[in-house]
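# Observations on chain architecture
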Amino acid sequence: MENDVMRASLASAEAAQNNHTPELKMSARDVRVFYGESEALHGVDLDIYANEVLAFIGPSGCGKSTFLRCLNRMNDTIDGCRVTGRIELDGEDIYDRRLDVVLLRARVGMVFQKPNPFPKSIYENIAYGPRLHGLAESRAELDEIVQRSLTRAGLWDEVKDRLDQPGTGLSGGQQQRLCIARAIAVSPEVILMDEPCSALDPIATAKVEQLITELSESYTIVIVTHNMQQAARISKRTAFFHLGNLVEVDETTKIFTTPSDSRTEDYITGRFG
Amino acid sequence: MNNWVLVCVLLVAMGFAYQFGTMRSRSLVDGKARMHSRPVHHGLLVALWCGLPAFTVFLLWSLFEPGILRSAVLNQLPPDMAGLQGHELEVLMRRVQSIASGFGVSDQPAAYELAAAERLRSLQGTGRLAMIASMAVLAVTGLVYALRRLSPALRARNHVEAVFRVLLVVCSTIAILTTIGIVLSMVGEALHFFRFVNPVDFFFGTVWNPRFSTTGAGELGQFGLLPLLWGTVMVSIIALLVAVPVGLMTAVFMAEYAPGWVRALAKPIIEVLAGVPTIVYGFFALVMVGPFFHSAGLAVGLDIRATSALTAGVVMGIMIIPFISSLSDDIITQVPKAMRDGSLGLGATKSETIRKVVLPAALPGIVGAVLLAASRAIGETMIVVLAAGNSPILHANPLEAVSTVTVTIVNQLTGDIDFASPQSLVAFALGLTLFAITLSLNIVALYIVRKYREQYE
Ligand SMILES: Nc1ncnc2c1ncn2[C@@H]1O[C@H](COP(=O)(O)OP(=O)(O)O)[C@@H](O)[C@H]1O
Ligand SMILES: [Mg+2]
């Protein structure tokens, strides 16, 4: 009796959540990026919702990585790169002068194309971010964070006996999951991934894809991919970029079945790319 | 002078041979068979056939002629002269050579000397003619032979390749043999020294007081290496204390912060520091830095000698800054951008990234750079000769004068020297010790640097 009531209320709460319009996490308006004099992105407008997996696809050189790097201001580290327009994270302008870019990058983490573990031990790789941001009061707490991050990244069982060995000694797929664990360790809200599987073999790729699906329960994930099957497998929505323009963004199934723009159709049917 | 003309003539002949070779090769083409090699290779092959045998004769001749002539002349000396030994024989030969070359000697030459000179001159004349003649014959024969061998099927390209490989091997063998020769001769002389002085007394002795060989042969003096080695170590440590922080900071600034134009301008300027002759540094230490330290010491009530380990070390530190900054700069720039991105992407600031990721990743390479700089400091001579004060006494005060291994070698080998006495021979033992130290430092440094290189593959 009581159980039924509980179940009913849970079900209605779930229904309410599903009907609820998704919560806006980041939004970009008229974002243009210049490398020196040349404009690489020509005014991108895009909304990113909380806890979704959003995939960027498009031919190479179309500006996917460039746009991704705008979202945590990694473009700041490139000489001669200039960004205009407005990007908000939870309603705050991330290019505002008063905003601390260091804190921004802790909230919007990044995983790169080639696995890039630091030449330190596995433990130190994970502990690096939490130490920077003072997330652990004690060694025990730090150990905890390390274990939790590695577990979430599905790597704990493989490395728990060799935490003190160099992260560079792991296989490519393990290294990439180590980098994901490293990003999770600072508890970001959004994780940006730039072709995280392009340097991995199919089995390692499958593991990372599964991991991404699991992570999307707690994080917002934006992933650039060259592999359209991958986008179809893991993403909820897909954005198609072409020559520095965001051509269209929609539910992944719609993009792959009935795209509204002929360029998208040409690309996914393999007429160029 | 004459030899240069000869070599130039040979080179010109090779030039012509090259022309002949290519011309003939072109005439071979005429549509028929496919050529294995291009005219360039045929030309080169002909030129080599023309030049190399003649040049080999020239080299061998120049190497052995003096010895042969010498024995020919000595055989002709009057019987009472035949017993001459070592030094006197050398003097005689030199006099004979001077007379023969027309340069003359300061006093009236004896009759037998004149006769010997006459004989030497005539032998030299015929020898030279014979050499030129055989070279000419060889050059022409080689040229004709090679031209006749030219054919479309000739693998001239491969032959040329083989000849060049042999040339390269010969040159590197010469370099290696020279090194081995130097080491062996040092070892030989050092062993000679150890016949006078017990190696234990040398390597572990704490007193350096080698007496001068002229002040009586009765007492040998004491040849303790430790005071000198300690001086070397102390000066080098002071130098590294100056150079490592400054050099490293410079490298970090250059690699991470300096905009392109500053780097392009500042790097060569810093590297000039390494090109300044060390005697200039020594001079600078002696007339500027030393007196400055002395008066600065007076101002705070410290007794600092103008020539001291401190002065020499600081100036030497300035000298080796570019070794550290330049090498470390290259190594820091080699750390992949992906490392920095990884750190920045986690929310680290630039300086945190440099301290916690870039420098640790570059550390092995930096250690290698420091070791190379250290071996440079240990072998450095002129600065310490002028500025360290030359006082071979074991003490730990850097404000006092010291002496180093290199300075002592200079001291033992200047003035009247007699290579039969331990006072001079000790220089070889010292040199060998120094060589062993710098060699092992270099090996360790290279090993570390190489290991570091493998890390990012
Ligand atoms: N660091 C840079 N400097 C100059 N131009 C760049 C830089 N990075 C990317 N670009 C240019 O910007 C455009 C978009 O590149 P990118 O974002 O890397 O494309 P994608 O990731 O979609 O393959 C390309 O034309 C590229 O040449
Ligand atoms: Mg890209």
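Residues numbered from 1 in each chain as written. Chains lettered and ligands numbered in written order. Predicted model: local features only at pLDDT ≥ 70, side-chain atom pairs only at ≥ 80, totals over all residues. Heavy atoms only, no water.

Chain B has the name Phosphate transport system permease protein in an unreviewed UniProt entry, where Pseudothauera nasutitermitis is given as its organism.

## Looking at the site of ligand 1
Residue and element names in this part refer to chain A. For ligand 1, the full set of nearby residues is Tyr 35, Ala 40, Ser 60, Gly 61, Cys 62, Gly 63, Lys 64, Ser 65, Thr 66, Arg 69 and Ile 78. In the model, a nitrogen atom of ligand 1 is placed 3.4 Å from a nitrogen or oxygen of the Tyr 35 side chain. Gly 61 places a main-chain nitrogen or oxygen 2.7 Å from an oxygen atom of ligand 1. In the complex, the protein chains occlude 59% of the 550 Å² of accessible area that ligand 1 would expose alone. Considering each element in turn, the shell around ligand 1 owes the most residues, four residues, to helix 2 (residues 64-71). A class-by-class count of the residues in the shell around ligand 1 yields four nonpolar, five polar and two charged. (Near = heavy atom within 4 Å. Polar contact = N/O pair within 3.5 Å; in protein donor to acceptor, adjacent residues only side chain to side chain. Areas by Shrake-Rupley, 256 points an atom, 1.4 Å probe, with all protein chains shown as cover. Helix = DSSP H or I, 4+ residues; strand = E, 2+ residues; numbered from the N terminus. Nonpolar A, V, L, I, M, F, W, Y, C, P; charged D, E, K, R; others polar.)

## A closer look at the UniProt feature "domain: ABC transmembrane type-1" (unreviewed entry) in chain B
The sites that carry the UniProt feature "domain: ABC transmembrane type-1" (unreviewed entry) are, in the present numbering, residues 229-445 of chain B. Secondary structure content for residues 229-445 of chain B is 79% helix and 0% strand, while the C-alpha to C-alpha distance between its ends is 21 Å. (UniProt positions renumbered as here; feature names shortened; annotations may be inferred.)

## Brief notes about the pairing of strand 8 (residues 220-224) of chain A
Residues in a regular strand point their side chains to alternate faces of the sheet. Residue and element names in this part refer to chain A. Within strand 8, five of the five residues are buried, leaving the element largely enclosed by the surrounding structure. Of the two faces of strand 8, the one holding Thr 220, Val 222 and Val 224 and the one holding Ile 221 and Ile 223 are both buried throughout. Bridge analysis of strand 3 (residues 53-57) against strand 8 gives four bridges, and the strand direction is parallel. If you follow Val 53 over to strand 8, its bridge partner there is Ile 221. As paired strands, strand 7 (residues 190-194) and strand 8 are joined by five bridges and run parallel to one another. In the strand pairing of strand 8, Leu 192 is matched with Val 222. As for the winding sense of the linkage, the β-α-β connection from strand 7 through helix 8 (residues 202-215) to strand 8 is right-handed. (Buried < 20%, exposed > 50% of the residue type's maximum accessible area, 1.4 Å probe, protein only. Pairing = 2+ DSSP bridges. Right-handed = clockwise from strand over helix to strand, strands pointing away.)

## Looking at helix 7 (residues 226-257) of chain B
Its 32 residues place the ends of helix 7 of chain B 44 Å apart at the C-alpha level, agreeing with the 46 Å of an ideal helix rising 1.5 Å per residue. Of all the bends in helix 7 of chain B, the greatest, near 25 degrees, is centred on Ala 243 of chain B, and the proline Pro 245 of chain B appears no more than four residues after it. (Expected span 1.5 Å × (residues − 1). Bend = angle between axes of the 7 residues up to and from the residue.)

## Looking at the domain arrangement of chain B
You can read the domains of chain B as domain 1 (3-154) and domain 2 (221-456). A separation of 48 Å is found between the C-alpha centroids of domain 1 of chain B and domain 2 of chain B. (Domains from an automatic or database assignment.)

## Digging into the pattern of salt bridges
Residues and elements named next belong to chain A. Taken as a whole, this structure holds 29 salt bridges over all chains when the rule is applied. In this structure, Arg 237 and Glu 52 form a salt bridge, with 2.9 Å as the shortest nitrogen-oxygen distance. Placement of the pair is Arg 237 in strand 9 (residues 237-242) and Glu 52 in the loop between strand 2 (38-49) and strand 3, with a sequence separation of 185 residues. Assessed through its relative accessible area of 11%, Arg 237 is described here as buried. For the salt bridge of Glu 209 with Arg 233, the shortest nitrogen-to-oxygen distance reads 2.7 Å. (Salt bridge = Lys/Arg side-chain N within 4 Å of Asp/Glu carboxyl O.)

## Brief notes about the state of the cysteines
Counting across every chain of the model gives zero disulfides over all chains. Residue Cys 70 of chain A stays outside any disulfide, its sulfur separated by 6.7 Å from that of Cys 81 of chain A, the closest cysteine. Here Cys 8 of chain B is not disulfide-linked; the sulfur of Cys 50 of chain B is the nearest cysteine sulfur, at 15 Å. A relative accessible area of 44% means that Cys 8 of chain B is categorised as partly exposed. (Disulfide = S-S within 2.5 Å.)

## Some points on helix 1 (residues 2-29) of chain B
Residues and elements named next belong to chain B. With 28 residues, helix 1 should cover 40 Å at 1.5 Å per step; its first-to-last C-alpha distance of 41 Å lies within 8% of that length. Within helix 1, the full set of buried residues consists of Leu 6, Val 7, Leu 10, Ala 17, Gly 21, Thr 22, Ser 25 and Leu 28. Where the residues of helix 1 are buried, they touch helix 2 (39-75) and helix 4 (111-149). (Contact = heavy atoms within 4.5 Å.)

## A short note on the UniProt feature "transmembrane region" (unreviewed entry) in chain B
All names here are of chain B. Feature annotation in UniProt places "transmembrane region" (unreviewed entry) on residues 41-64, 129-147, 162-184, 228-257, 269-294, 306-327, 357-378 and 425-449, given in this structure's numbering. Secondary structure over residues 129-147 splits into 100% helix and 0% strand, and the C-alpha atoms at its two ends are 27 Å apart. Between the C-alpha atoms that bound residues 306-327 there is a distance of 32 Å. The span itself is 86% helix and 0% strand.

## Brief notes about the interface of chain B and chain A
On the chain A side, the residues contacting the 20 residues of chain B number 20 residues. Together, Gly 345, Leu 346 and Lys 356 of chain B form the three largest contributors to the area buried by chain B at its contact with chain A, with a combined 35%. Counting across the chain B and chain A interface gives zero salt bridges. The interface formed by chain B and chain A contains four residue pairs in polar contact (both at pLDDT 80 or more). Elements that contribute at least two residues to the side of chain B that touches chain A include exactly helix 11 (337-345) and helix 12 (350-379) of chain B. If one sorts the elements of the side of chain B that touches chain A by residue count, helix 11 of chain B sits on top with eight residues. (Buried area = accessible area lost by both parts, 1.4 Å probe.)

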